[in-house]
Amino acid sequence: METEEEKLPFEDAAPPHTAEDFPAGHTAAAGEDEKDEVEYYCGAGPWHPAWLQRLRDARVFTFLLCLFSTVEGALVSGLTAVVLSTIERRYRLTSTQTGALASMTDIAVVTSVIFISYFGGRGHKPRWLGVALIVEAIGAFVFSLPQFLFGEYETGSSSDRDTETCADEIDFSSDCTSANNAAYFFFMMGNILIGVGAAPLFTIGTSYIDEIVHPKYVSIHLGIFYMMAIIGPALGFGLGGLFLSIYVDPSVNTHLTPRDPGWVGAWWLCYIVCGALCLVIAFPFFLYPRVLPNSGEVRELREREMALRGRTVVRRRRAEDRWNVVREFPRELKRIAMNPSWLFVTLGLGLASVTISGFASFGVKYVENQFGLTTSEASIITGARTIPTAGAGVITSGLLIYFFKIRGRKLPLMGLVTCSLAVLTVFGFLIHCPTPELAGVIVPYPDG
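Parameters at a glance
- Residues numbered from 1 in each chain as written.
- Predicted model: local features only at pLDDT ≥ 70, side-chain atom pairs only at ≥ 80, totals over all residues.
- Heavy atoms only, no water.
- Helix = DSSP H or I, 4+ residues; strand = E, 2+ residues; numbered from the N terminus.
- Expected span 1.5 Å × (residues − 1).
- Contact = heavy atoms within 4.5 Å.
- Salt bridge = Lys/Arg side-chain N within 4 Å of Asp/Glu carboxyl O.
- Buried < 20%, exposed > 50% of the residue type's maximum accessible area, 1.4 Å probe, protein only.
- Axes fitted to C-alpha atoms, helices over the stretch in contact; angles between N-to-C directions.
- Parallel < 35°, antiparallel > 145°, perpendicular 65-115°, else oblique.
- Left-handed = near helix turned anticlockwise from the far one by under 90°.
- Nonpolar A, V, L, I, M, F, W, Y, C, P; charged D, E, K, R; others polar.

Description of unusual backbone geometry
Peptide bonds are, in most cases, trans, and in most cases residues other than glycine have a negative phi. Although it is not a glycine, arginine 92 sits at a positive phi angle of roughly 50°. Mapped onto the elements, arginine 92 comes out in the loop between helix H1 (58-90) and helix H2 (95-121).

Considering helix H8 (residues 267-285)
Between the first and last C-alpha of H8 there are 29 Å, a value that for 19 residues agrees with the 27 Å anticipated at 1.5 Å per step. In the core, the buried residues of H8 are packed alongside H1, helix H3 (125-149), helix H5 (178-198) and helix H7 (218-243).

Re the pattern of salt bridges
Under the criterion given, the structure shown has three salt bridges. For aspartate 57, the salt bridge goes to arginine 59, with nearest N and O atoms at 2.8 Å. Judged by its relative accessible area of 29%, aspartate 57 falls in the partly exposed class. For lysine 125, the salt bridge identified is with glutamate 211, shortest N-O distance 3.0 Å.

Regarding the environment of phenylalanine 143
Among the structural elements, phenylalanine 143 can be located in helix H3. Given the relative accessible area of 2%, phenylalanine 143 is considered buried. A C-alpha to C-alpha distance of 8.7 Å links phenylalanine 143 and alanine 183, two positions 40 residues apart in sequence. With residues near it in sequence (within four places) discarded, phenylalanine 143 still touches Val83, Ile87, Leu101, Phe186, Phe187, Gly190, Asn191, Trp267 and Tyr271.

Structural notes on helix H6 (residues 201-212)
In a regular helix each residue adds 1.5 Å, so 12 residues correspond to 16 Å; H6 covers 16 Å between its end C-alpha atoms and thus fits that length. Among the residues of H6, Leu201, Ile204, Gly205, Thr206, Tyr208, Ile209 and Ile212 are the ones counted as buried.

Considerations on the packing of H7 against H8
Where H7 meets H8, the axes come as close as 8 Å, and the angle between the chain directions of the two elements is 135°. When the axes of H7 and H8 are compared, the pair comes out oblique. As H7 runs across H8, the sense of the crossing is right-handed. Two secondary-structure elements touch here, H7 through Leu239, Gly240 and Phe243 and H8 through Leu269, Cys270, Val273 and Cys274. Split by residue class, the contact of H7 with H8 holds six nonpolar, one polar and no charged.

A closer look at the packing of H1 against H7
Interhelical geometry of H1 versus H7 gives an angle of 35° and a closest axis separation of 6 Å. Considering how the two elements wind past one another, H1 and H7 form a crossing that is right-handed.

Okay, here's the thing in structure tokens:
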């Protein structure tokens, strides 16, 4: 008996609107459930020039997001590791203080990313990314403020250029460290702002790519995006090594060389450059509309894919007011936290980041002390060794998953095997150079 062919959900849905369906300045409905009109054209207010509509290409948005990830990687993972030992010497900080300083970025991301992802996901995503870049730029400028507020650097003295007592006794409880403590406060505040600015990148940014790129090509866009995120730290290591070979006060003539123990490089120049880049990259994000013309088509393709897999598609209406969004937040958070797959993947990523963050913070300092290198040389060597291997690991894992069709439960098994192999390399740190025997510090003077 002949039966009617069963139609898939959304089979009879009307074709989505495209940019050609609307003249310049007009608006279109963003979907059946979204009654508010959404402007599809790039611009600001009544200004929507034709040449600016090239930004609507998904490849252009991915390019801008790649620039964002590159600068973010340079600031968070590259420059912080490079300048830690320099500012520790410049402002007489302890290793505990520099460790806490390096952790502030991660703490800021952890404490803010949930709220930013929730409210930003229901708002104007490109504008959230633009604001994030401005916050990151402000953080970079705040981090560099001590260079301009506390005078020039003098060899063998603290930043406030006090008497020899500060250099000889190094009493951190005395008044001569007041400027150093103030500088440490600016460093902490700068890293907090940088962390808050970096939070939306891998949440709101990637979700917007998922909304505007055809499902067939989204993996390519995300692959390029994550590749640029790996290049970011390499840029940070390179910039840091370059600027640290310049004296901290370029206008001052000094007899010191980069190999002198009292040398301090121009650590602050790195943050000025990255802050300026953040401001430049932020501008185009404010010109993007909430959605692009093909967003409706991409959403319907996603829903069809989920329907074919037997999953229920839940369409959420836009909240009538902001208070509804706030009231729904605890419920949404509980729903995600009760998902065991999400919970264990997040736990695994958190444990992996402990190792990565520790190496990023003190890797340069370790290489500098173990092999007697300058900070500039250590940062370049560390970046040249770390970034290519990290990139090779990402590419290799992607190829293994693609060719061997690793899916489902095999994926966590692959992660377990590779992480276990990585743990074995930790024993390499047991091979180290002997500590120099400093007379009067480790061993007594020959003459007593």
